[in-house]
Amino acid sequence: MNLDRLKKEKNAVILAHNYQLPEIQDVADYLGDSLALAQSASKTDTDVIVVCGVDFMAETALILSPDKVVVLPDLAATCPMAAMATPEKLKRMKNEHPNARVVSYVNTTAEIKALSDVCCTSANAVNVVKSLPEKEIIFVPDMNLGKYVQRFTSQKIILWPGYCYVHRDIKKEQIIKLKKMHQDAEILVHPECSPEVIDTADFVYSTGGMVEHAKKSNSKEFIIGTEEGLCYRLKKENPDKKFYSTNSVCSEMKKITFEKLVHSLETLKPRINLPDKIIEDAREPIEKMMKIGKR
Ligand code: 13P
Ligand code: SF4
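Along each chain, numbering runs from 1 in the same order as the chain's sequence is written. The order in which chains are written sets their letters, starting at A; the order in which ligands are written sets their numbers, starting at 1. For this predicted model, a pLDDT threshold of at least 70 governs which residues receive local features, and a threshold of 80 or more governs which side-chain atom pairs are given and counted, while totals over whole chains, interfaces and linings are taken from all residues. The side-chain figures draw on all heavy atoms in the structure; neither hydrogens nor water molecules are used.

Participant: Could you clarify how one ought to interpret the site of ligand 1 in this entry?
Facilitator: The environment of ligand 1 is formed by 13 residues, the closest being His17, Ser34, Ser122, His190 and Thr207. As used in this structure description, the phrase polar contact means that two N or O atoms lie within 3.5 Å; if the pair is within protein, one of them must be able to donate a hydrogen and the other to accept it, and residues adjacent in sequence are counted only when both atoms belong to side chains. His190 is positioned with one of its side-chain polar atoms (N or O) 2.7 Å from an oxygen atom of ligand 1. Side-chain polar atom of Glu192 to an oxygen atom of ligand 1: 3.2 Å apart, as the coordinates give it. In short, Shrake-Rupley with a 1.4 Å probe defines the accessible areas, and a residue's cover is counted only from the protein chains shown. Within the complex, the protein chains bury 96% of what would otherwise be the 300 Å² of accessible surface of ligand 1. Under the convention adopted here, Pro, Cys and the residues Ala, Val, Leu, Ile, Met, Phe, Trp and Tyr are nonpolar, Asp, Glu, Lys and Arg are charged, and Gly plus all remaining residues are polar. Considering only residue class, the shell around ligand 1 consists of 4 nonpolar, 7 polar and 2 charged. The cutoff for a nearby residue is simple: one of its non-hydrogen atoms must lie within 4 Å of the molecule or strand.

Participant: Where do I start with the sheet that holds strand E9 (residues 186-189) in this structure?
Facilitator: Strand pairs in the sheet, formed through backbone hydrogen bonds, run parallel or antiparallel to each other. Spatially, E10-E9-E11-E12 is the arrangement adopted by the 4 strands of the open sheet, whose pairing is parallel. Single-partner strands in this sheet number two, and they are strand E10 (203-204) and strand E12 (242-245). DSSP-based pairing: two strands are paired if at least 2 bridges between them are found. Strands here are runs of E lasting at least two residues and helices are runs of H or I lasting at least four, both read from the DSSP assignment and numbered beginning at the N terminus. Here 4 bridges tie E9 to strand E11 (residues 221-225), and the two strands are oriented parallel to one another. Paired with Glu186 across the strands is Phe222, a residue of E11.

Participant: Any chance you could explain the packing of helix H12 (residues 207-216) against helix H13 (residues 229-237) here in plain terms?
Facilitator: In a packed pair of helices, the relevant descriptors are the angle between the two axes and the axis-to-axis distance. For helices, the fitted axis covers only the stretch in contact; all axes are lines through C-alpha atoms, and the angles between them, taken along N-to-C directions, range from 0 to 180 degrees. The interhelical angle for the contact between H12 and H13, taken along N-to-C directions, is 25°, at an axis separation of 10 Å. For the element pair H12 / H13, the angle class is roughly parallel. Note on packing geometry: the crossing formed by H12 with H13 is right-handed. Along the contact surface, H12 presents Thr207, Met210, Val211, Ala214 and Lys215, while H13 presents Leu230, Arg233, Leu234 and Glu237. These descriptions rest on fixed angle ranges, namely under 35 degrees for roughly parallel, over 145 for roughly antiparallel, 65 to 115 for roughly perpendicular, and the rest for oblique. Note on convention: the crossing is left-handed when the near helix lies turned anticlockwise from the far helix by less than a right angle, right-handed when the turn is clockwise. By definition, residues are in contact when any of their heavy atoms lie within 4.5 Å.

Participant: Is there a simple way to think about the site of ligand 2 in this case?
Facilitator: Neighbouring ligand 2 are Tyr19, Val54, Cys79, Pro80, Met81, Asn107, Cys164, Tyr165, Val166, Glu192, Cys250 and Met253. Per-class residue counts for the shell around ligand 2 are 10 nonpolar, 1 polar and 1 charged.

Participant: So what exactly am I meant to see when it comes to the side chain of Glu221 here?
Facilitator: Mapped onto the secondary structure, Glu221 falls in strand E11. Only protein chains enter the accessibility calculation, which uses a 1.4 Å probe; a residue is then buried when its area is under 20% of its type maximum, exposed when over 50%, and partly exposed in between. For the purpose of charge, His is not counted, nor are the chain termini; Lys and Arg are scored as positive and Asp and Glu as negative. Salt bridges are defined as contacts in which a side-chain nitrogen from Lys or Arg sits within 4 Å of a carboxyl oxygen from Asp or Glu. Within the buried set, Glu221 has no salt-bridge partner at all; the shortest N-O distance to an opposite charge, 6.0 Å, is to Lys242.

Participant: I'm lost on the packing of aromatic side chains in this one. Help?
Facilitator: For any pair of aromatic rings, geometry is given as the distance between the ring centres together with the angle between the planes. Between rings of Phe, Tyr and Trp, where Trp is taken as its six-membered ring, a pair exists when centres lie within 6.5 Å; planes separated by under 30 degrees are stacked, by over 60 edge-to-face, and by other angles tilted. Going through the model one piece at a time under the given rule, you end up with 3 aromatic pairs. Geometrically, the ring pair formed by Tyr148 and Phe152 is edge-to-face, given 5.0 Å between the ring centres and 70° between the ring planes. Ring geometry for Phe203 versus Tyr205: centroids 5.9 Å apart, planes at 10°, classification stacked. Residue Phe203 is classed as partly exposed on the basis of its relative accessible area, which comes to 30%. A ring has a charge above it when a Lys NZ or an Arg CZ is no more than 6 Å from the ring centre and no more than 35 degrees off the ring normal. Positioned over the ring face of Trp160 is Lys89, at 4.6 Å from the centre of the ring.

Participant: Is there a simple way to think about the nonpolar core in this case?
Facilitator: Nonpolar side chains tend to gather and get buried jointly when the protein is soluble and globular. In this structure, Val103, Phe139 and Val189 are the most contacted members of the largest nonpolar core, which totals 85 residues. Counting residues per element, this core draws most heavily on helix H4 (residues 55-64), at 7 residues. What Phe139 contacts, discounting residues up to four positions off in sequence, is Val103, Cys120, Ala125, Val129, Leu145, Gly146, Val149, Ile157, Ile158, Leu159 and Trp160. Here, the term nonpolar core denotes a set of buried Ala, Val, Leu, Ile, Met, Phe, Trp, Tyr and Cys residues that are joined through side-chain atoms within 4.5 Å.

Participant: Honestly, the sheet that holds strand E4 (residues 69-71) in this entry has me stumped. Any pointers?
Facilitator: With respect to topology, 4 strands assemble into an open sheet ordered E2-E1-E3-E4, the strand pairing being parallel. Only two strands of the sheet have a single partner each, and these edge strands are strand E2 (30-32) and E4. Here the average twist between neighbouring strands, direction ignored, is 20°. Pairing between strand E1 (residues 12-17) and E2: 3 bridges, direction parallel. Paired with His17 across the bridge in E2 is Gly32. Helix H3 (residues 34-43) contacts E1, E2 and strand E3 (48-52) of the sheet and is inclined by roughly 170° relative to E1.

Participant: What is the right way to read the environment of Lys236 from this model?
Facilitator: Secondary-structure assignment places Lys236 in helix H13. At 2.6 Å, the side chain of Lys236 forms a polar contact with the side chain of Asp26.

In structure tokens, the structure reads:
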């Protein structure tokens with residue numbers, strides 16, 4: 001099967017997250033972090049967007065490009081953290097804190113985005129929160145990212161008890177052990193990691209931030225505290241540098257295989273659909289976030 005021919009025939013673009021399997025990363029038109037994927041989805045002029053990632057990424061693409069056909073090669077690829085925030089509980093929290101604004105991580109369902117004032121990704125969470133004049137911020141759903149943001153602002157961050165199991169399972173001891181083995185390595189970790197792990201790091205970045213940093217850093221070795229898929233990209237783009245992974249795996253991200261991608265392109269299924277009202281209400285918080293950009 002000639003993937004390029006199929007893509008042309010369907011007028012499709014392939015967006016892939018940095019945690020995708022190597023076979024997917026190699027054929028992606030755009031490879032990036034959550035913010036970069038949302039930006040690509042809003043700019044593409046193709047009829048079809050194939051999102052190789054998890055459910056909330058495909059939903060975000062549809063919200064930004066509602067006239068396009070958006071497909072996710074396996075509908076079972078769902079982010080467990082996104083499922084931790086429910087509309088009922090968020091409505092309750094909003095009632096309990098009437099002066100607070102709601103900042104939702106893009107790792108949320110479209111329904112949660114529709115109830116939010118503004119979205120953020122790990123690339124811009126600090127700036128998004130700081131852009132708001134309100135003194136109280138309800139931050140949904142990643143507690144670790146919320147705690148990380150709290151380090152940079154005097155606004156009160158009201159946390160939601162959500163977490164990413166992949167980053168929660170990265171332990172400080174693991175990072176310290178890797179550092180003992182590779183003493184010259186810089187430590188880069190994701191802000192979804194626990195505060196103890198963040199405290200061991202030289203730099204805290206989204207996956208896209210890690211890609212940029214590794215390229216421009218004078219260091220030749222890096223300890224990477226995030227999902228292991230990113231190390232494939234880092235090694236490919238920096239063949240003269242070494243990357244040591246915590247070997248953390250997101251099984252949801254790995255559900256997208258090359259065979260499923262081809263099947264999706266051939267059939268334009270499984271397709272992502274959302275109610276018009278949700279699309280309408282969720283678009284503004286995402287667009288506000290994109291205006292704030294990266295930092
Ligand atoms: P970023 O690639 O935006 O840093 O997100 C990490 C993540 O966990 C996505 O599911
Ligand atoms: Fe969700 Fe974590 Fe997997 Fe990202 S890495 S999709 S946040 S479970």
